[in-house]
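# A look at the structure
If you want the building blocks of each chain, they are given just below.
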Amino acid sequence: SCAAAVPRTVVIGLAADSGCGKSTFMRRLTSVFGGAAEPPKGGNPDSNTLISDMTTVICLDDYHSLDRNGRKEKGVTALDPRANNFDLMYEQVKALKEGVAVDKPIYNHVTGLLDPPELIKPPKILVIEGLHPMFDERVRDLLDFSIYLDISNEVKFAWKIQRDMAERGHSLESIKASIEARKPDFDAYIDPQKQYADAVIEVLPTQLIPDDNEGKVLRVKLIMKEEVKHFSPVYLFDEGSTISWIPCGRKLTCSYPGIKFFYGPDTYFDHEVSVMEMDGQFDRLDELIYVESHLSNISTKFYGEVTQQMLKHSDFPGSNNGTGLFQTIIGLKIRDLYEQLVSTKVATPLEATKA
Ligand code: ADP
Ligand code: G6P
């Protein structure tokens, strides 16, 4: 008998605080799958959902159970589980994963109210991004792969200042106050999710400049769990070894303070992990091919694909450092994971007859 290919929705979770680079990451990811994601045509113009041929990105703010007024009245922040409907989030992600369309609410960021729902059809790849993709155990169990963007306080502060002061005219004091006000709930409900992530991108201040407090040059760590199905960690030179590498010199132009890579095994919340680290920034993106050629398990389809993706989106924030590099690589790894999951699904009935 013939095993028909059953369409399957692969579900990816992306967690981070707001203003920490989730939408930039999503733009890199959808680009790897060929095609920029756009808001659904003819739908609500305030929709937070992005749809492309392959991917649908749902912003989990849509599962706020309390709108802005409700939060104010009850004195809870958007980070608080009591402001979010995890039962509905679970039901709808489960339905989509099983191939069933759902009427998803829309949280309107302009008005702070819940708009009438929109119809979401099951995509090939569903990304749920926001504050709590790994908070509820039932939702967590539906994820085929999960990522946590861990932006250190120093860097978060520098990015917020850059955006809210330069572009929105907020004062330094008010930015500090809003970060401080969020911190207890962030520590209680958002940050602990990183222990469940299959990959964590940690963004820290550089160690190449003593006492740097500008937050421009970054040290970025890609922490990859071992033994994750369909995901094999990236490595430098030789798998499982410990390596410190300064690529600057004849083949890579580096100005002050240079670039330093590190690769090695480690533990993270009692899990065995591989860590790849890049401190510093690239002067010339076309020379990235030199670094790429020394990385293995990057799931490219042709030589130089990482460099090509980075050059294509050189205007995105973080393109000259480890944030852009590691987001691009994780995008390629997710494509690989998706392709493996889809081919496994078709092969399953055959394997079953063998047993
Ligand atoms: P989110 O979707 O999590 O709110 P965005 O991707 O919209 O975050 O990024 C918010 C802001 O943070 C950007 O406008 C930019 O100023 C800053 N930012 C994000 N990622 C980076 C990065 N890798 N390097 C420098 N700044 C960044
Ligand atoms: C969204 C964001 C939160 C942000 C909130 C604003 O839900 O994801 O990070 O805090 O909007 O909340 P507020 O209660 O200030 O309208």
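So, here's what we can say about the structure. Just so you know, these numbers come straight off a predicted model, no measurement behind them.

Attention now goes to the pattern of salt bridges. In the structure shown here, the tally under the stated rule is 18 salt bridges. Between Lys 104 and Asp 62 there is a salt bridge; the shortest N-O distance is 2.7 Å. Of this pair, Lys 104 sits in strand β4 (residues 102–107) while Asp 62 is found in the loop between β3 (55–59) and α2 (68–74), placing the two residues 42 residues apart along the sequence. Here the two residues Lys 104 and Asp 62 agree in accessibility, since each one is buried. The salt bridge involving Glu 287 is made with Arg 284; its shortest N-O contact spans 3.7 Å. For Glu 287, a relative accessible area of 14% translates into the label buried. Three or more residues joined by partner-sharing salt bridges are found here, namely Arg 8, Lys 97 and Asp 144.

In this section: the site of ligand 2. Residues in close proximity to ligand 2 include Ser 18, Asp 61, His 64, Arg 68, Arg 71, Ala 78, Leu 131 and Arg 182, which together make up its full environment. Ser 18 is positioned such that a nitrogen or oxygen atom in its side chain is 3.1 Å from an oxygen atom of ligand 2. Arg 182 has a polar side-chain atom sitting 2.6 Å from an oxygen atom of ligand 2. Alone, ligand 2 offers 390 Å² of accessible surface; in the complex the protein occludes 71% of this. Each residue belonging to the shell around ligand 2 can be placed in one class, and the counts come to two nonpolar, two polar and four charged.

For the rest of this paragraph, the subject is the packing of helix α5 (residues 153–165) against helix α6 (residues 172–190). The contact between α5 and α6 brings their axes to 10 Å, and the two run at 135°. It follows that α5 is oblique to α6 by the angle criterion. Judged by the twist between their axes, the crossing of α5 over α6 is right-handed. Within the contact between the two elements, α5 uses Asn 153, Lys 156, Phe 157, Lys 160, Ile 161, Asp 164 and Met 165 and α6 uses Leu 172, Ile 175, Lys 176, Ile 179, Lys 183 and Phe 186. When its residues are assigned to classes, the contact of α5 with α6 shows seven nonpolar, one polar and five charged.

Before going further, it helps to spend a moment on the environment of Tyr 263. Structurally, Tyr 263 is set in strand β12 (residues 259–268). Residue classification places Tyr 263 among the buried positions, given a relative accessible area of 1%. Among the polar contacts made by the side chain of Tyr 263, one reaches the main-chain amide nitrogen of Gly 240 at a distance of 2.8 Å.

Looking now at the site of ligand 1. Not every one of the 14 residues close to ligand 1 is listed here, only the nearest: Gly 19, Lys 22, Ser 23, Thr 24 and Thr 323. A distance of 3.1 Å is found between an oxygen atom of ligand 1 and a backbone nitrogen or oxygen belonging to Cys 20. Relative to its unbound accessible surface of 560 Å², ligand 1 loses 81% to contact with the protein. Shared between two domains, the shell around ligand 1 takes at least three residues from each, and those domains are domain 1 (1–148) and domain 2 (198–341).

Cut-offs and rules
Residues numbered from 1 in each chain as written. Chains lettered and ligands numbered in written order. Predicted model: local features only at pLDDT ≥ 70, side-chain atom pairs only at ≥ 80, totals over all residues. Heavy atoms only, no water. Salt bridge = Lys/Arg side-chain N within 4 Å of Asp/Glu carboxyl O. Helix = DSSP H or I, 4+ residues; strand = E, 2+ residues; numbered from the N terminus. Buried < 20%, exposed > 50% of the residue type's maximum accessible area, 1.4 Å probe, protein only. Near = heavy atom within 4 Å. Polar contact = N/O pair within 3.5 Å; in protein donor to acceptor, adjacent residues only side chain to side chain. Areas by Shrake-Rupley, 256 points an atom, 1.4 Å probe, with all protein chains shown as cover. Nonpolar A, V, L, I, M, F, W, Y, C, P; charged D, E, K, R; others polar. Axes fitted to C-alpha atoms, helices over the stretch in contact; angles between N-to-C directions. Parallel < 35°, antiparallel > 145°, perpendicular 65-115°, else oblique. Left-handed = near helix turned anticlockwise from the far one by under 90°. Contact = heavy atoms within 4.5 Å. Domains from an automatic or database assignment.

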